[in-house]
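Listed below, chain by chain, are the residues.
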Number of protein chains: 2
Amino acid sequence: MTAQRRGLGTNQEAVRRHNLGTVLRHVHGAGQISRAQLTALMGLNRSTIADLVLELESLGVVEQTVPSGVRSGAGRPSAGVRLAGVGPYVVAVDLGVDRAVVARVALGGEVVERAAAPIPVGGGEAWQVGSTVAGLIRRVVEGAPAAAPLLGVGISVPGLVRRSDGLVRLAPNLEWQDVSFGAIVLAALGVDVPVQLANDADLGALAEHRRGAGVGIDDLIYISGNVGVGAGVITGGVRLEGAGGYAGEVGHLPFAPEGRLCHCGNIGCWETEVGAHAIAAAIGCPESDVVTLGDVLDEYAGPHRALGATGKALGYGLASIVNAFNPRLVVLGGYLSSLYALVRHEVDDALAERALPAPLESVTLSLPGLGSDSVLLGAAEIALEPLFADPVAALGTALVDVGARLAG
Amino acid sequence: MTAQRRGLGTNQEAVRRHNLGTVLRHVHGAGQISRAQLTALMGLNRSTIADLVLELESLGVVEQTVPSGVRSGAGRPSAGVRLAGVGPYVVAVDLGVDRAVVARVALGGEVVERAAAPIPVGGGEAWQVGSTVAGLIRRVVEGAPAAAPLLGVGISVPGLVRRSDGLVRLAPNLEWQDVSFGAIVLAALGVDVPVQLANDADLGALAEHRRGAGVGIDDLIYISGNVGVGAGVITGGVRLEGAGGYAGEVGHLPFAPEGRLCHCGNIGCWETEVGAHAIAAAIGCPESDVVTLGDVLDEYAGPHRALGATGKALGYGLASIVNAFNPRLVVLGGYLSSLYALVRHEVDDALAERALPAPLESVTLSLPGLGSDSVLLGAAEIALEPLFADPVAALGTALVDVGARLAG
DNA sequence: CGCCTTTCGTTCACCCGCACAACAAATCCG
DNA sequence: CGGATTTGTTGTGCGGGTGAACGAAAGGCG
């Protein structure tokens, strides 16, 4: 990955950076990998890999293990490389519409500790939410080894996030507009660590691509059903961001010009058919339960007919998305995974009916491979990104002894 | 550009390749550039740039010039680097629905020679078209200096092209399905050169990004109006291809569920509103002139009202595209540029009405900076791509003395 | 059970390619 | 005309990946 900044030349420091980062990326992805595999994957010399691993070991991010018992043919067994026991970690924040989930995530993607708290419906003031989140962060960071460096915080937001500076331009369900949530959380924490913000669907896509149902698939879309509907797009193995970072707003694709009024001001947006409010209305679920629609759907035992039209609408909308982006995989996240389990047939049929044959033949619908943690783990991934871009620099600026610093 | 193949390591040969290619890319883009500018742009040392330029000079692709007369401040004037007089070239083919345009294009993007021929309406047999194209290629190559190497052929196709092998999966207006047009042209030519095929809108986007209205803009969309309607997407400076290469098929986004039947089998696709047939019907233009709708529109003097609804439909569709891809620039190509000139106001208004505020605020609509040559020049660009990825290898395998070889 | 084969780790010499410093050259400016 | 500025040129240095040689650790086979 890491396309070099276009137009720039490459010097040898950049080579070292890139190779160190790539080794680390592989270890992060596989958890445990042999040096022999690394040479094969990266196409570098044995001795080079040895040196790279040695440097990462001296940085305290990986450990070498004696050859694992698992054998594979003849020859001397290769030394293993795995993540260090007390290695760097990040804090991931999944800001939902009704609650915030915060986790300490180790390099490697394991959720070591997690905490959650409700958010007042309608979001509440941003500084209030920021204070809640800061409290959760303190809690999950508390138990971390003092020697372990904190690399940064990744925050998922259910709304439009400007990529240049992480400003939350619009989060309808939190009733936020132009909120600098990263700064708010940092202020509440009282420390200065790198903070990355991004849209929830984008992060769901990233996580499913790196560690979920989309491993090895370079073109995938994650559709997030989370009151509103949005899409995160991975194309060519890279996040599709768009000029401002707002790409993937598929909730307002036109669907039924004679349909319902959407909160965006138009009529018949896709979201008015497959959004949480629409589905709640279809199955007679009270407004107050809309934010937990996934759970409601999981326990739904009403007439199948009530959801048939919704399934069809989902499939039709997916057809547009498949035509426009030509993904190999579409992951249905949030309550859409629950919905898909109920009306799979209608969705598949509607998709097949409206999508063009060529993009249709290579696409698969699937449930998230990471369950309901896709978005949370995606937040961890963006926080880890600087580490892969330049391990030495990222570890150099990382915060150690975080527990003590946050005590105040 | 040239993201390294992900997961791979970088060795020093790759560094040299990348740097040579990047220098060449800059010369290709600017036509004439000083070594001092190259050092600034690429962030490399003066001596390194000098060496790179020297190597490119010895490869015969660039020439160094005495400092140009144009001065800029104090200091010793920097030596210029420009394209070699007898440098490498490519053949670009723009396969339209009614005619094929073929050009010999030099490194630097200049069309040195061009030729065109009509194609029977409905496409005709692929081998027939291939033979026509081969004849045009012979004609434009004839005048090339014998010493100049031919790097390859780039072909634009108005349809879905599979990116893995260049197979034309579907070209509705040529009535082709699963045609291996690259192989057909090569067979008709009787020589073996690298051939690249791609969708016309994708190539329009590429050309406008590299040499047209979108220079310096990393997120843009080119909408091609060419009987059907398609989009080519550049995102993050890279072509959005999708899993199979079919990304950008926006012609069949749903628009009016109660609308007209589309040839794809659905009802009310966007294309049924803004496609050439729909516009022709709206202005009372005979079916036979549909393929030259752009010219018809340029001379259109009928009532403005007849096109108002079409303009609105165009704007609404663009809003969906802006929401989904968040481009900074949308270039309206083909007959859409003529249409836009007539109903700019309706289009702008409709776009502003339906697009979300955040992506809307940074987007601009524009006409092609390359006129009607966008697609043709895009075909040249893909044929040049291997040269930038690895100048030494590309020139090593390039064909010289092509005129003589093609004589038979 | 011993030996061969295979695969991998380790070491060291090598080389490629970029950086850097020093000096010369060319231009602008006061 | 001389200093300041910017660039070209040259030679040296160094980082870092390569490759060969050798030893080590396994499996396989007679």
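Definitions and cut-offs
Residues numbered from 1 in each chain as written. Chains lettered and ligands numbered in written order. Predicted model: local features only at pLDDT ≥ 70, side-chain atom pairs only at ≥ 80, totals over all residues. Heavy atoms only, no water. Least-squares fit on C-alpha atoms with pLDDT ≥ 70 in both. Domains from an automatic or database assignment. Contact = heavy atoms within 4.5 Å. Buried area = accessible area lost by both parts, 1.4 Å probe. Salt bridge = Lys/Arg side-chain N within 4 Å of Asp/Glu carboxyl O. Nonpolar A, V, L, I, M, F, W, Y, C, P; charged D, E, K, R; others polar. Phe/Tyr/Trp six-rings, centres within 6.5 Å; stacked < 30°, edge-to-face > 60°. Buried < 20%, exposed > 50% of the residue type's maximum accessible area, 1.4 Å probe, protein only. Helix = DSSP H or I, 4+ residues; strand = E, 2+ residues; numbered from the N terminus. Polar contact = N/O pair within 3.5 Å; in protein donor to acceptor, adjacent residues only side chain to side chain. Pairing = 2+ DSSP bridges. Near = heavy atom within 4 Å. Axes fitted to C-alpha atoms, helices over the stretch in contact; angles between N-to-C directions. 1 Å grid on protein atoms, 1.4 Å probe; cavity = no way out; pocket = protein on both sides within 12 Å on 5 of 7 lines; lining within 4 Å. Points joined across faces, edges and corners; volume = space filled by probe spheres on them. Expected span 1.5 Å × (residues − 1). Arc of directions from axis to C-beta.

## Concerning the relation of the copies chain B and chain A
Two chain copies, one operation linking them: a rotation about an axis together with a shift along it. Structural alignment of chain B on chain A gives an RMSD of 0.0 Å, achieved by rotating through 180 degrees and translating 0.0 Å along the axis. The superposition operator between the copies reduces to a two-fold rotation axis.

## Quick look at the domain arrangement of chain A
All names here are of chain A. Taken domain by domain, chain A consists of domain 1 (12–83), domain 2 (89–202 + 373–402) and domain 3 (215–368). For domain 2 and domain 3, the distance between their C-alpha centroids amounts to 26 Å. Counting residues at the interface gives 18 residues for domain 2, matched by 22 residues for domain 3. In this assembly, domain 2 packs against domain 3 so that about 1,600 Å² is buried in total across both faces, 51% of it on carbon and sulfur atoms. Ranking the residues of domain 2 by area buried against domain 3 places Arg163, Ala201 and Asp202 at the top, with a combined share of 37%. Where domain 2 packs against domain 3, one counts one salt bridge. For arginine 163, the salt bridge identified is with glutamate 241, shortest N-O distance 3.1 Å. Looking at the side of domain 2 that touches domain 3 residue by residue, the class counts come to nine nonpolar, three polar and six charged.

## With respect to the packing of aromatic side chains
Residue and element names in this part refer to chain B. Going through the model one piece at a time under the given rule, you end up with four aromatic pairs over all chains. Geometrically, the ring pair formed by tryptophan 176 and phenylalanine 181 is tilted, given 5.0 Å between the ring centres and 35 degrees between the ring planes. Like phenylalanine 181, tryptophan 176 is buried. Look at phenylalanine 255 and tyrosine 316: their rings are 6.5 Å apart centre to centre, the planes differ by 35 degrees, and that puts the pair in the tilted class. Here phenylalanine 255, found in the loop between strand 14 (238–239) and helix 7 (271–274), pairs with tyrosine 316, found in helix 10 (residues 305–325); they are 61 residues apart in sequence, far enough to count as distant. For phenylalanine 255, a relative accessible area of 17% translates into the label buried.

## Topic: the interface of chain B and chain A
Facing 57 residues of chain B, the contacting portion of chain A comprises 57 residues. If you look at where chain B meets chain A, you find four salt bridges. The partner of Asp219(A) in a salt bridge is Arg163(B), and the shortest N-O contact between them spans 3.5 Å. For the pair chain B and chain A, the interface holds 17 residue pairs in polar contact (both at pLDDT 80 or more). Listing elements by their share of the side of chain B that touches chain A, those giving two or more residues are helix 1 (12–30), helix 2 (35–42), helix 10, helix 11 (335–354) and helix 12 (357–361) of chain B. Residue classes in the side of chain B that touches chain A are distributed as 24 nonpolar, 22 polar and 11 charged.

## Describing the pairing of strand 7 (residues 150–157) of chain B
Residues and elements named next belong to chain B. Most of strand 7 sits inside the fold, with eight of its eight residues counted as buried. By the bridge criterion, five bridges tie strand 4 (residues 89–95) to strand 7 in an arrangement that is parallel. Pairing of valine 93 across the sheet is with isoleucine 155, part of strand 7. Pairing geometry for strand 7 and strand 11 (residues 195–199), over five bridges, is parallel. Of the residues in strand 11, the one forming a bridge with glycine 154 is glutamine 196.

## Some points on the protein's contact with DNA strand D
The immediate surroundings of DNA strand D are formed by 27 residues, with Arg16(A), Asn45(A), Arg35(B), Arg76(B) and Ser78(B) found nearest. Those atoms of DNA strand D that come within 4 Å of the protein belong to sugar or phosphate at a rate of 63%. Within the backbone of Gly75(B), one N or O atom sits 3.3 Å away from a base oxygen of DNA strand D. Secondary-structure elements contributing two or more residues to the surface near DNA strand D are helix 1 (12–30) and helix 3 (46–58) of chain A together with helix 2 and helix 3 (46–58) of chain B. At four residues, helix 1 of chain A tops the list of elements feeding residues into the surface near DNA strand D. Looking at the surface near DNA strand D residue by residue, the classes come out as seven nonpolar, 13 polar and seven charged.

## Describing the protein's contact with DNA strand C
Around DNA strand C, a shell composed of 27 residues is seen, among which Arg35(A), Arg46(A), Arg76(A), Ser78(A) and Arg16(B) lie nearest. When atoms of DNA strand C within 4 Å of the protein are sorted by moiety, sugar and phosphate together comprise 66%. Contact between DNA strand C and Arg16(B): a phosphate oxygen at 2.6 Å from a side-chain N or O atom of the residue. Looking at the surface near DNA strand C, the elements that each hand over two or more residues are helix 2 (35–42) and helix 3 of chain A together with helix 1 and helix 3 of chain B. Across the surface near DNA strand C, the residue classes tally to seven nonpolar, 13 polar and seven charged.

## Observations regarding the sheet that holds strand 14 (residues 238–239) of chain A
Residues and elements named next belong to chain A. As summarised here, the arrangement of the five strands in space is 14-13-12-15-16, forming an open sheet in which the pairing is mixed. If you trace the sheet from one side to the other, it starts and ends with strand 14 and strand 16 (364–366), each paired once. Where strand 12 (residues 220–226) lies against strand 15 (residues 329–334), six bridges are found, and the strand directions are parallel. Residue pairing across strands places tyrosine 222 opposite valine 331, the latter belonging to strand 15. On top of the sheet, helix 10 (residues 305–325) reaches strand 12, strand 13 (228–235), strand 15 and strand 16; it is set at about 150 degrees to strand 12, its chief contact.

## A closer look at the sheet that holds strand 8 (residues 160–161) of chain B
The strand order across the open sheet built from three strands is 8-9-10 (chain B), with neighbouring strands paired in antiparallel fashion. The open sheet has two free edges, formed respectively by strand 8 and strand 10 (176–179) of chain B, since each of these has just one partner strand.

## A closer look at empty space enclosed by the protein
With the rule as written, the count across this model stands at seven cavities of 30 Å³ or more. A volume near 90 Å³ is recorded for the largest cavity. For the largest cavity, the full set of lining residues is Tyr316(A), Ala319(A), Ser320(A), Asn323(A), Arg354(A), His252(B), Pro254(B), Asn266(B), Ile267(B) and Cys269(B). Counting residues per element, the lining of the largest cavity draws most heavily on helix 10 of chain A, which supplies four residues.

## Let's talk about helix 4 (residues 126–142) of chain A
All names here are of chain A. Between its first and last C-alpha atoms helix 4 spans 24 Å; for 17 residues at 1.5 Å apiece the expected length is 24 Å, and the two agree. Inspection of helix 4 places Ala126, Val129, Gly130, Val133, Ala134, Leu136, Ile137, Val140 and Val141 among the buried residues, and these make up the whole buried set. Buried residues of helix 4, seen end-on, are gathered within an arc of 165 degrees and therefore sit on one face of the element. For helix 4, the exposed residues lying more than 90 degrees away from the buried face are Trp127 and Glu142.

## Some remarks on the pattern of salt bridges
Using the criterion set out here, one finds 34 salt bridges over all chains in the structure. Put simply, Glu55(B) and Arg16(B) hold a salt bridge, and the shortest N to O gap is 2.7 Å. In this pair, Glu55(B) is assigned in helix 3 and Arg16(B) in helix 1, connecting sequence segments 39 residues apart. In this structure Arg16(B) comes out as partly exposed when scored by relative accessible area, which is 27%. Because the salt bridges share partners, they merge into one network encompassing Arg25(A), Arg210(A), Arg211(A), Glu381(A) and Glu385(A).

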